[in-house]
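Now for the letters of each chain:
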2 protein chains.
Amino acid sequence: MKVVCIGSGNVATHLAYALKAKGADLIQIWSRDITNAIELAKTTDSTAISDLKEIDPLADLYVIAVKDDAISTVSESLKDVNGLVVHTSGATAIDALSALKNHGVLYPLQTFSKAKPIDFANVPLCIEASNTASLEILKEVAIKLSSPVYEVNSEKRKILHLAAVFACNFVNHLYTLSDKIVEHFELDFEMLKPLIMETALKVQTELPINVQTGPAVRNDEQTMIKHQELLSSMPELKEIYQTLSKSIKKTHL
Amino acid sequence: MKVVCIGSGNVATHLAYALKAKGADLIQIWSRDITNAIELAKTTDSTAISDLKEIDPLADLYVIAVKDDAISTVSESLKDVNGLVVHTSGATAIDALSALKNHGVLYPLQTFSKAKPIDFANVPLCIEASNTASLEILKEVAIKLSSPVYEVNSEKRKILHLAAVFACNFVNHLYTLSDKIVEHFELDFEMLKPLIMETALKVQTELPINVQTGPAVRNDEQTMIKHQELLSSMPELKEIYQTLSKSIKKTHL
């Protein structure tokens, strides 16, 4: 399978590595910034380009992994290709590519950082396509990558993207805030790491609503008052403390 | 080592199991509710009691693992023992036990659910004691359990407890809310599990502030507006979305 990778960010990088590892022929890597394209092309035995006009029209699969607001610009230059063009955005409908013959979406429901390798067996792939043949190609890609695969339409993909903001982006920010608290009082974030792991592990087998712990779910007002006193010099954290405690209490009424 | 376990909740249960497994002699389990005491005593080869006056005065270690506001009542009945009496509360100062000869704190910085077994090698134990001999006993207990051990005074323990509310209790509530979102739109929470694991795994090696992703840190206003529209029928989640997004933007200015 001849693949062109359009983008060189976190998603593009990890997808390119994974496809390459599974035997795909990564013929081109495009990036607006040629330095980035060269870097990724080097490690995936590919060719770097930074001009959209240079994209090879004879690839089987074009993976667009650029910022959401750049998808339409990029797709303009793919109007004449016969291969399957997919974007990888959770928040963008399939219609963004409707001017193209064969198009679809390959949305990896995972968080990627360049520094950390990822096993695609742990990356649910949400797929959608403009026709049956294209859908089959995406299923094949998922099977090659050993990824769990889900057919998800654009409406539902938006919801998953939103749920991921709560389950990942907001969660990571709470890790940041807990780090800020321990740092502020000269304690070590290291001590919190087993707790963070266990909290995530627990909901792999239990529903989170059934394993809620802490002062808010116990309605332990005295502890909550003391916590807010400790946060008196951090008003922003105090607001978050109040908002989330209120929501926990309401959920577990 | 003869141990009396006072309490039969999540912390008491897991500590009792772990101590028993490492060869401690669990002579008594006390619970206000004898049924609970019997249940835990059965699996730890111990004797169930529900009258505080029945507590054996000749144990080496008394572990108080009851609700914070019951610690002082329970400790009243331990005034004449020579053994070491510890409580397990993050939010309670060591002074709560100051009327006792040998006293201390053994605070496990972890989340416990009865349903899920836990390896104490992943449970940081925060210890504090009224004298050196008592501190040595707590260090021995930690070594027996293979737990990482930290000497933490009451002031700092309070802070850790607060940080744990952010890193565990609030995080679990965000999992609950993401489940609520997917359920509301007839999607499966199962799909979010690899993302939840990866988010927790990432901060085992990276600082959370360095791996923040999502629309708020990118200042992607368009996506944030769309997300809030999707939450229009869930005003409480919308408020949390706004509060946390604001905090992410401020943190990453």
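Calculation notes
- Residues numbered from 1 in each chain as written.
- Chains lettered and ligands numbered in written order.
- Predicted model: local features only at pLDDT ≥ 70, side-chain atom pairs only at ≥ 80, totals over all residues.
- Heavy atoms only, no water.
- Buried < 20%, exposed > 50% of the residue type's maximum accessible area, 1.4 Å probe, protein only.
- Helix = DSSP H or I, 4+ residues; strand = E, 2+ residues; numbered from the N terminus.
- Pairing = 2+ DSSP bridges.
- Right-handed = clockwise from strand over helix to strand, strands pointing away.
- Axes fitted to C-alpha atoms, helices over the stretch in contact; angles between N-to-C directions.
- Contact = heavy atoms within 4.5 Å.
- Domains from an automatic or database assignment.
- Buried area = accessible area lost by both parts, 1.4 Å probe.
- Salt bridge = Lys/Arg side-chain N within 4 Å of Asp/Glu carboxyl O.
- Nonpolar A, V, L, I, M, F, W, Y, C, P; charged D, E, K, R; others polar.

## Examining the pairing of strand S7 (residues 125–129) of chain A
Residue and element names in this part refer to chain A.
- A large share of S7 lies buried, amounting to four of its five residues.
- By the bridge criterion, five bridges tie strand S6 (residues 103–108) to S7 in an arrangement that is antiparallel. Residue pairing across strands places Val105 opposite Glu128, the latter belonging to S7.
- Taken together, the three bridges between S7 and strand S8 (residues 149–151) define a ladder with parallel strand orientation. Counterpart to Leu125 in the pairing with S8 is Val149.
- For the crossover that starts at S7, traverses helix H4 (residues 132–144) and ends in the parallel S8, the hand is right-handed.

## Structural notes on unusual backbone geometry
Residue and element names in this part refer to chain A.
- The backbone of Asn219 sits at a positive phi, close to 55 degrees, despite the residue not being glycine.
- Within the fold, Asn219 resides in the loop between helix H7 (215–218) and helix H8 (221–230).
- On the basis of relative accessible area, Asn219 is assigned to the partly exposed category, the value being 48%.

## Some points on the sheet that holds strand S4 (residues 61–64) of chain B
Residue and element names in this part refer to chain B.
- Spatial strand order, S3-S2-S1-S4-S5-S6-S7-S8: eight strands in an open sheet with mixed pairing. Two strands in the sheet have a free side with no partner beyond their single neighbour: strand S3 (47–49) and strand S8 (149–151). Sheet twist, expressed as the mean angle between neighbouring strand axes with direction ignored, is 25 degrees.
- In terms of strand pairing, strand S1 (residues 2–6) meets S4 through four bridges, oriented parallel. Across the sheet, residue Ile6 finds its bridge partner in S4, namely Ile64.
- The strands touched by helix H1 (residues 10–21) within the sheet are S1, strand S2 (25–30), S4 and strand S6 (103–108), with S1 carrying the most contacts at an inclination of about 165 degrees.

## Observations regarding the domain arrangement of chain A
All names here are of chain A.
- Domain annotation for chain A reports domain 1 (2–152) and domain 2 (158–251).
- With centres defined by C-alpha atoms, the gap from domain 1 to domain 2 works out at 35 Å.
- With seven residues of domain 1 at the interface, the matching set in domain 2 holds five residues.
- Summing both sides of the interface, domain 1 and domain 2 together bury roughly 460 Å²; the carbon and sulfur share of this comes to 78%.
- When the area that domain 1 buries against domain 2 is broken down by residue, the three leading residues are Ala91, Tyr107 and Leu109, summing to 58%.
- The tally of links between domain 1 and domain 2 comes to zero salt bridges.
- Along the lines of polarity and charge, the residues of the side of domain 1 that touches domain 2 split into five nonpolar, two polar and no charged.

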